[in-house]
Amino acid sequence: MSFSEMPAEKRVKYILVTGGVISGVGKGIISSSLGVLLKNNGYKVTAIKIDPYLNIDAGTFSPYEHGEVFVLDDGGEVDLDLGNYERFLDIRLTRDNNITTGKMFKHVMEKERRGDYCGKTVQMIPHLTDAIVDWVERVAKIPVDGTNEQPDVCIIELGGTIGDIEGMTYLSAFERFQRPTLKNHLMNVHVSLILHPNATGEPKTKPMQNSVRHLRAAGLVPDLLICRSTEKLDPHLREKISRFGMMDLEQVVGVHDVSNIYKVPLLLQDQGVLEAIKHRLCLTEVCEDLKKDLKFNMTHWSHLSDLCDAFQQVVNIALVGKYVKIADAYASVNKALSHAAIHAKRKLKITYVDSELLENKPGFEEQSAAAWNMVKAADGIIVPGGFDIRGVEGMIKAAEYCRKNNVPYLGVCLGMQVAAVEFARNVLGIKGANSTEFNSELHEDQQIVIDMPEHNVEENGLGGTMRLGRRSTVFLTDDCILHRLYGAHTVEERHRHRYEVNPRVVPQMARKGFLFVGMGVDEQNTDIWNIKKRTDSSAELMQMADQAEIDLLHKIDDLCQRGGDGVTRPAVRMEMFEMKDHPYFVGAQFHPEYLSHPLTPSPPFFGLLLAATGQLTSYFSGSRSPALQVVAEEGSLLDGLQKSSSSTSGDLVGEMLDKLKINGNATPGTQRLASFH
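Remember, predicted model here, so these are calculated numbers, not experimental data.

Draft legend 1. Examining the overall build of the chain more closely. Broken down by element type, the chain carries 25 helices and 22 strands. Looking at the chain as a whole, 58% of its 677 residues are labelled buried. Relative to all contacts within the chain whose residues are 6 or more apart in sequence, the contacts with residues 24 or more apart total 75%. Accessible surface, the chain: about 28200 Å² in total, of which carbon and sulfur atoms supply 49%.

Draft legend 2. Quick look at the pairing of strand β12 (residues 380-383). Burial along β12 is two-sided: the residues G380 and I382 and I381 and V383 are all buried. For β12 and strand β13 (residues 409-412), the ladder comprises three bridges, and the chain directions are parallel. Bridged to I382 within β13 is L410.

Draft legend 3. Spatial organisation of the packing of helix α15 (residues 392-405) against helix α16 (residues 414-426). Following both chains from N to C, one finds α15 and α16 inclined at 70 degrees, their axes separated by 8 Å at the closest point. One way to sum up the angle between α15 and α16 is to call them roughly perpendicular. Judged by the sense of rotation from one axis to the other, the crossing of α15 with α16 is right-handed. Listed contacts from α16 to V392, E393, M395, I396, A399, E400 and R403 of α15 are L414, V418, A419, V421, E422, F423, R425 and N426. When the residues that make up the contact of α15 with α16 are grouped by side-chain class, the tally is nine nonpolar, one polar and five charged.

Draft legend 4. A look at the nonpolar core. Residues I381, I382 and F516 are the most contacted members of the largest nonpolar core, which totals 96 residues. Per element, the largest residue contribution to this core is eight residues, and it comes from α16. Those residues in contact with F516, other than ones at most four positions away along the chain, are M416, L476, V501, V506, M509, L552, I556, M574, M576 and F577. Core analysis: the second largest hydrophobic core is formed by 54 residues, L34, V45, L267 and L274 among them.

Draft legend 5. Structural view of unusual backbone geometry. Cis geometry marks the peptide bond from I125 to P126, where omega comes out at 15 degrees. Among the secondary structure elements, P126 is positioned in helix α5 (residues 124-140). Despite not being glycine, K345 shows a phi value in the positive range, around 60 degrees. Despite not being glycine, D388 shows a phi value in the positive range, around 75 degrees. Examined against the element boundaries, D388 turns out to sit in the loop between β12 and α15. In this structure D388 comes out as partly exposed when scored by relative accessible area, which is 48%.

Draft legend 6. Spatial organisation of the sheet that holds strand β7 (residues 186-193). With parallel pairing, the seven strands of this open sheet are ordered in space as β5-β2-β6-β1-β7-β8-β9. Since the sheet does not close on itself, it has two edges, and those belong to β5 (98-100) and β9 (252-256), each with one partner. Each strand axis lies, on average, 20 degrees off the axis of its neighbour in the sheet, ignoring direction. Pairing between strand β2 (residues 45-51) and strand β6 (residues 153-158): six bridges, direction parallel. By the bridge assignment for β6, K49 is matched with E157. The strands that helix α7 (residues 206-217) touches are β1 (13-19), β7 and β8 (224-229); relative to β7, the one it contacts most, it runs at about 150 degrees.

Draft legend 7. The arrangement of the environment of M298 in detail. You can see M298 is positioned in helix α12 (residues 298-308). Put simply, M298 and L38 are 260 residues apart on the chain and 9.7 Å apart in space, counted from C-alpha to C-alpha. Not counting residues within four places of it along the chain, the set of residues in contact with M298 comprises V36, L37, N40, N41, P265, L266 and Q269.

Draft legend 8. The sheet that holds strand β14 (residues 434-435), seen in detail. Strand order in this open sheet of three strands is β14-β15-β18, and the pairing throughout is mixed. Strand pairing shows two members of the sheet lacking a second neighbour, β14 and β18 (499-501), which therefore form its edges. Contacts from α16 reach β14, β15 (447-451) and β18, with the element oriented near 150 degrees to β15.

Scoring rules and cut-offs
- Residues numbered from 1 in each chain as written.
- Predicted model: local features only at pLDDT ≥ 70, side-chain atom pairs only at ≥ 80, totals over all residues.
- Heavy atoms only, no water.
- Helix = DSSP H or I, 4+ residues; strand = E, 2+ residues; numbered from the N terminus.
- Buried < 20%, exposed > 50% of the residue type's maximum accessible area, 1.4 Å probe, protein only.
- Contact = heavy atoms within 4.5 Å.
- Areas by Shrake-Rupley, 256 points an atom, 1.4 Å probe, with all protein chains shown as cover.
- Pairing = 2+ DSSP bridges.
- Axes fitted to C-alpha atoms, helices over the stretch in contact; angles between N-to-C directions.
- Parallel < 35°, antiparallel > 145°, perpendicular 65-115°, else oblique.
- Left-handed = near helix turned anticlockwise from the far one by under 90°.
- Nonpolar A, V, L, I, M, F, W, Y, C, P; charged D, E, K, R; others polar.
- Core = buried A, V, L, I, M, F, W, Y, C linked by side-chain atoms within 4.5 Å.

Structure (structure tokens):
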């Protein structure tokens, strides 16, 4: 059944977000904010990101190209904007929610090879454009919020800028929605930049006008024009843009730089964007009873944005990495730290430290000294993921510094591996200990980190060959910091790695205090919302983890002996470790940052912030973390926080977060970003 034949009540409405003047103008945050407005007013929302490059997916990108690679439950390696969608909207997306030109070409060519086009000449128009629309219509209907209900609105973000040759096919595809029968099913929101050159001393709108002209030439008419600027949009300038853009004044919306991104949906709400969307797409009004049943609405969102700016005490976290020249290379890590800082009641300061400078190379003495000073001034250290040998020795030195000086440390993926290598070198005394990723000629006894044999890079290449997606990790003991932070025996987190700690050295490390308290097994990653199913052999392998009568060291010994090579027999995966007799020295092979959320911060990140601020012990003894108000109250939340900041009799912020242990607007028990069982 074609789109035009579909019953009106079953049709998903679309909001196409385009950009002009420059890339990186903020389309992702605007798209997410539009979704927030709709979802927090009772509409079900999904999102699709279109990236017009020829890559199949984002998996092989350098972080300097487009920032971090975000990983989804199903193992999809996608653009970081999908991370924004998930965090803002509290939804779970799949790899099909990220369209690339390479993926679409592959899809069309596979159909051509199967003979689906019946001998016709396959062309960009109509065959590729039809494939794009068919893909969008199929994916837009998939529930993403834990319910079985079809979304009402799909936000579609088109990457790049209007006028790029790469995006022309997509504009042609959506041009069909300008037909009278479909006109009420697609709304175009155009995001453009107002330039403010220092030489002129006044804002310039000509580049914005040209981007609108290019959009109209491509067959689309903007329904809303989002004007990005550093300062609040002047009314006179707004009238000028309206006049030259041939738009009503109400269609011109100003979004200036704000103190935190959670204020952007509030800016849109104050300028009537929700009403404009409902009018343009002819959305059915949500009944008042349903709105009252929402567990999170725009009032709560306003409280969240206020809470982000409420704290004055600063916590300084040093991020020791190899891609620190661009903050977006660690976008999810940055967000996870900010979420944890809210709950730790601190103002976050992230200090980026180039790990290469910690290697004390000749000729860089001054820069190295400055880098070490930043490390030593930090309240806590995080070493995130990465690939290849550059800067690794500096990460190892950072791990050694934290271990020896009782500085809170969190190692994520590579950060866990370098901590293991450091421990093997300096505590176990294994000379030349390293990872086979960095030295393929290592002797067997020196191989602390090894590649996974089931992922044969020589035969399969690099793309999509890692251990990807959401996987289970089982705690071997309840008596550990991470178990107390998670509050669950089994956790599910997302993975993205090709190398793992060698099980052969794990028992030796454990007897010296490097305890792998959480392990995983070989199994297929979980499809979205489905219950994970272990193979019989994997389930048998992990039964010992549930046996409380066996102590941790014996469990580690037995599991590492039983585990196979991942090819002929299931392999035991070293997923989480923590250092004995250290305030907070932990690591995770998975990426906990991918499932962090403002209301439910990632437990390992939350633990780092608590340890860095000296609150970890008091938290475990019963002092709760801050939270947001669930019940709307009179007055400003920020005022209430400031008035109560000097009070020792009660923790208003803690009381609020205790109230906000919610599962979102979906069926209870299904809408948690991180699945803890």
